[in-house]
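Spelled out from the first residue to the last, the chains are:
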Amino acid sequence: MNDQIVERWRGLMEEGTRNLSNDNYEEAENCFTRCVPLALELIVPEILAFTLRLLATARLRLGKLSTAEIEFKQAARICIEIQNPKGMAEAWAGLANVAVIRGSLVEAVQWYERSIAIYPVSSPRLRLGMLYSDLGQVYASQNKLEKAEQVLIVAKKLCQENNYPRGEGELNVLLGEISFRREKRNLAKQYLRNACRIFTVISDNQNLASALQYLAFLHYDSGDFRDAVECQQRSAISRLKSGENEEGSDGLFFLSKIEQGLGDYYAAKEHLALSMEIYGKRDLGLALRYQALAWIFIQEMNWQKAEKKFREAFELFLEIKDTIRANEAQEILEYLAMAQKMNLNNQAARIQDFAQLFEDGNLTLEAVQKLGKLCENRHNYITALQCYWQALYIARKDNIEVLNIEKSIQRISRKVRKKNTVKKNKI
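Quick look at the structure, then.

Thresholds, definitions, all that
Residues numbered from 1 in each chain as written. Predicted model: local features only at pLDDT ≥ 70, side-chain atom pairs only at ≥ 80, totals over all residues. Heavy atoms only, no water. Axes fitted to C-alpha atoms, helices over the stretch in contact; angles between N-to-C directions. Helix = DSSP H or I, 4+ residues; strand = E, 2+ residues; numbered from the N terminus. Parallel < 35°, antiparallel > 145°, perpendicular 65-115°, else oblique. Left-handed = near helix turned anticlockwise from the far one by under 90°. Contact = heavy atoms within 4.5 Å. Nonpolar A, V, L, I, M, F, W, Y, C, P; charged D, E, K, R; others polar. Polar contact = N/O pair within 3.5 Å; in protein donor to acceptor, adjacent residues only side chain to side chain. Expected span 1.5 Å × (residues − 1). Core = buried A, V, L, I, M, F, W, Y, C linked by side-chain atoms within 4.5 Å. Buried < 20%, exposed > 50% of the residue type's maximum accessible area, 1.4 Å probe, protein only.

Some remarks on the packing of helix α14 (residues 265-279) against helix α15 (residues 284-299)
Where α14 contacts α15, the two axes come as close as 10 Å, and the packing angle between them is 165°. Relative to α15, the element α14 is oriented roughly antiparallel. When the axes of α14 and α15 are compared, the crossing they make is left-handed. On α15, the residues touching Y265, A268, K269, L272, S275, M276 and Y279 of α14 are G285, L286, R289, Y290, A292, L293, I296, F297 and Q299. A class-by-class count of the residues in the contact of α14 with α15 yields 11 nonpolar, 3 polar and 2 charged.

Quick look at the structure:
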């Protein structure tokens, strides 16, 4: 074996691996591409298969699915020929990842199951745990919740046995989500409490804030507003301490909604005002905050302040060209103006009727859901989550089917977690 070629190959592989770990995928692809002819020159099958697999991984991250699939299959074929089960398992896992991105979940399950079945006992058990975790999430996407729970429990146990608390915490969150979807709410809360405990011990404030917010939602969904307030306060504080101002502002916004449910309008106004101060943008999010503050003033029967905040919301909706919301706000302004001309007793009754219409009306529910979808499409997942939570609240009060709304909440929660999760070992 030519030592000079080996050194050049090793140097490029180390550089490519660093770039891959740092999400510099184009640089990683360049390094691994240059490694391939060196690996061919060395005529060592293990080296070529390893090089192809890492090159395929870089291409996968760049969205080059067809070339990634070809190279994963080449790596797998070499490993089959030389009877290298670890290499086969990793290549098949790579093919599973390609299938997931394409949305071919049945194929993804087949590749993950083959990978797990052949994974050597002598190889790192933590990596096996990651494979179980990935398989469990695919099962969850297929709505095979019992299977998802089974394999995620195995993944969590492997994280425990191999001293990986962050992974254990993340799996507790996933199991909490599965339990919620199976309507096992108490079990879901227990999993999330376990996750919060782990994230607190390892000082993972990002994941702690996400788990606390999810737990707050479960309490909110169960009508346990005081427990929801406590969890959401901790979540928002954790976000702000970590410098996540936008997420902290969204957390305070949701906290304000919970406090309204308790009738604590003073705290709701304080937290909503702080949310607006931190938010720092003139867009849909700020307009919704104006509207939420107006709603609190309506509850307090402070019609003038309510009208002022609805007008600010209306003007901002016009500014950002959100015609539907602007029209709704205009209708509310007209109703408020009319209500203020009535005598005090009739006014109170009218405002109560109006409040019920604004909070429970099917048009409002439809608008909130459309808004959530718009935010989701724009990758503003936190705001989308807030909209779907509000839609769930409105739907439950009207005894409207909530399955689709709950699915939307689960989908966005996964996206929020994915955004905040520390990158896994990709190799």
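Concerning the side chain of E29
Within the secondary structure layout, E29 lies in helix α2 (residues 25-42). Among the polar contacts listed, one links the side chain of E29 to the side chain of K64, at a separation of 2.9 Å. Those residues in contact with E29 that sit more than four places away from it in its chain are L55, A58, R59, L62 and K64.

Structural notes on helix α4 (residues 65-81)
Compared with the 24 Å implied by 1.5 Å per residue over 17 residues, the 24 Å span of α4 between its first and last C-alpha is a close match. The inward-facing, buried residues of α4 abut α3 (45-61) and α5 (85-102). Where α4 ends, the next residue or the one after it, Q83, has phi of about 55°, a positive value.

Let's talk about the nonpolar core
Counting 65 residues, the largest nonpolar core has W9, F32, L42, L128, Y132 and L135 as the members making the most contacts within it. Apart from residues lying up to four places away in sequence, Y132 is in contact with I116, V151, L152, V154, A155 and L158. Of all hydrophobic cores here, the second largest spans 39 residues; its members include C231, L252, I405 and I412.

A short note on helix α11 (residues 205-222)
The terminal C-alpha atoms of α11 lie 25 Å apart, and with 18 residues this matches the ideal 26 Å at 1.5 Å per residue to within 8%. With 15 of 18 residues buried, α11 lies mostly within the body of the structure.

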